[in-house]
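# Topology and contacts: notes
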Amino acid sequence: MTKINDDLPSVVQISLMHAKQSAAALPNSIIFPGAKAPVASLGAEEATHLRLQALARYAGARSRDSRVIDNSVSQVVLVVEGAVKLIASAAAGRTQVMGFYFKDDFIYVPARDTHAYNLCALTDCELVAFPATEFIRLAQSDKTLNNNFLSHLLRALGRCREKSLALGQKTARERVATFLVSMAERIGAPFSNGAVLDLPMSRRDIGDNIGLTIETVSRQMTELRNAGIVSTSGRSQVKILDLAALKQEAGHLPVPT
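As the structure is a computational prediction, the values presented were derived from the model and not from experiment. (Residues numbered from 1 in each chain as written. Predicted model: local features only at pLDDT ≥ 70, side-chain atom pairs only at ≥ 80, totals over all residues. Heavy atoms only, no water.)

## Here we look at the overall build of the chain
What counts here: Secondary structure elements are taken from DSSP: a helix is a run of H or I of four residues or more, a strand is a run of E of two residues or more, and numbering for both begins at the N terminus. Residue burial considers only the protein chains on display, and all accessible areas are found by Shrake-Rupley using a 1.4 Å probe.
A tally of helices and strands in the chain yields nine helices and 11 strands. Just so you have it, the chain exposes about 13,700 Å², and 53% of that area is on carbon and sulfur atoms.

## Details of the pattern of salt bridges
Rules: The term salt bridge refers to a pairing of a side-chain nitrogen on Lys or Arg with a carboxyl oxygen on Asp or Glu at a separation within 4 Å.
Here the structure, examined in full by the defined rule, presents six salt bridges. Between Arg186 and Asp105 there is a salt bridge, and its shortest N-O distance comes to 2.8 Å. Residue Arg186 is found in helix H6 (residues 172–187), and its partner Asp105 is found in the loop between strand E4 (95–101) and strand E5 (106–109); the two are separated by 81 residues along the sequence. Here the residues in one salt-bridge network are Arg173, Glu223 and Glu249, joined through shared partners.

## Describing the sheet that holds strand E10 (residues 230–233)
How we decide: When DSSP finds at least two bridges between two strands, those strands are taken to pair. Axis definition: a line fit to C-alpha positions, over the contact stretch in the case of helices; interaxial angles, taken between N-to-C directions, run 0 to 180 degrees.
Read from one edge of the open sheet, four strands run E8-E9-E11-E10, paired in antiparallel fashion. Of all strands in the sheet, those with a lone pairing partner are strand E8 (189–191) and E10, marking the two edges. Between one strand and the next, the sheet's axes are offset by a mean angle of 20°, whatever the strand orientation. For E10 and strand E11 (residues 237–240), the ladder comprises four bridges, and the chain directions are antiparallel. If you follow Val230 over to E11, its bridge partner there is Ile240.

## Topic: unusual backbone geometry
Phi is positive for Arg64, close to 80°, though the residue is something other than glycine. Position of Arg64 among the secondary structure elements: in the loop between strand E1 (57–61) and strand E2 (75–81). Although it is not a glycine, Ser192 adopts a positive phi angle of roughly 45°. One can find Ser192 in the loop between E8 and strand E9 (194–198).

## Quick look at the sheet that holds strand E3 (residues 84–89)
Taken in spatial order, the three strands make up an open sheet running E4-E3-E6, and their pairing is antiparallel. Where the open sheet ends on each side, the last strands, each with one partner, are E4 and strand E6 (116–121). Mean inter-strand twist for the sheet, computed between neighbouring axes without regard to direction, equals 25°. Two strands pair when backbone bridges link them, and E3 and E6 are joined in this way by six bridges, in the antiparallel orientation.

## Observations regarding the nonpolar core
The criterion, for reference: In this text, buried Ala, Val, Leu, Ile, Met, Phe, Trp, Tyr and Cys residues form a nonpolar core when linked through side-chain atoms within 4.5 Å. Burial classification: accessible surface area is computed with a 1.4 Å probe over protein chains only, and a residue below 20% of its type maximum counts as buried, one above 50% as exposed, and the rest as partly exposed. Only heavy atoms matter for contacts: two residues are in contact if any of them lie within 4.5 Å across the pair.
Phe179, Leu180, Leu197, Leu199, Met201 and Leu246 are the most contacted members of the largest nonpolar core, which totals 29 residues. In terms of residue count, H6 provides more of this core than any other element does, seven residues in total. Setting aside residues up to four positions removed in sequence, Leu199 forms contacts with Leu180, Met183, Ile187, Ile206, Ser236 and Val238.

## Some points on helix H3 (residues 46–55)
The cut-off we apply is this: To obtain the arc, one takes the directions from the helix axis to the C-beta atoms.
For H3, every residue scored as buried is listed here: Thr48, His49, Leu52 and Gln53. Each buried residue of H3 lies within a common arc of 140° when the element is viewed along its axis, so the set occupies one face.

## Quick notes on the packing of H6 against helix H7 (residues 203–210)
Defined as follows: Throughout, the term roughly parallel applies to angles under 35 degrees, roughly antiparallel to angles over 145, roughly perpendicular to angles from 65 to 115, and oblique to all others. Left-handed is the label given to a crossing in which the near helix is rotated counterclockwise from the far helix by less than a right angle, and right-handed is the label when the rotation is clockwise.
Interhelical geometry of H6 versus H7 gives an angle of 110° and a closest axis separation of 11 Å. Taken together, the axes of H6 and H7 are roughly perpendicular relative to one another. H6 and H7 meet at a crossing whose hand is right-handed. Note on element contacts: H7 touches H6 through Ile206, Asn209 and Ile210, opposite Arg175, Val176 and Phe179.

## Description of the state of the cysteines
Where we set the bar: A pair of sulfur atoms, both from cysteines and within 2.5 Å, is called a disulfide here.
Counted by the stated rule, this structure contains zero disulfides. The closest cysteine sulfur to the non-disulfide-bonded Cys120 is located on Cys125, 8.8 Å from its own sulfur. Of the residues examined, Cys120 reaches a relative accessible area of 10% and is grouped as buried.

Right under this line is the structure:
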């Protein structure tokens, strides 16, 4: 586990040399010395960025690190590089993978209360965490940042609704297909009639997220492969050969014409 650096003056200090080099590609970006990449532009006014820098805490984590950030207070976390999963913990040691997050995703991580929420690194990653109350207050005062943050929240809400429908009404095949369609939209590289996915999560993680056993996930992947809809290579690469057919397998309604 990599602990969040509490030495704020050193963490949030702007590197003017790096800022000049990155200005064309990432205007108004927050730059962190020692980070592999600057934070993607939040699209806020310069004054807002300066205030965000005073709140921000940088966290770097290696693949499989758990409890990447402190969950004693509610936080808004921005994924700068890499991928993470959000895990909820209940009594008796029970856990649930709530979701997967990738570069430029915002994550709201509530403080420990009736349940505890933690981020676990799926790959080497870099994150920036902001106290949630202060971040939201700043966003409300900056129209561009507020719109950017709101659009992320709406997309996350849409995924939650899709997942609720899948858990409540869909078959195992439809759940796996729905998951793959979602990943294609989020991290897929376009390929002919489909997309290529390099999935950082295990099939156990996938099953935990969509309410299936690892054996069921593997069996459904095999059936989709036998149907000629996907192909697989190794433990992580999935090639979607026919995205339209996969959406049908996911139980999607036809697009109105």
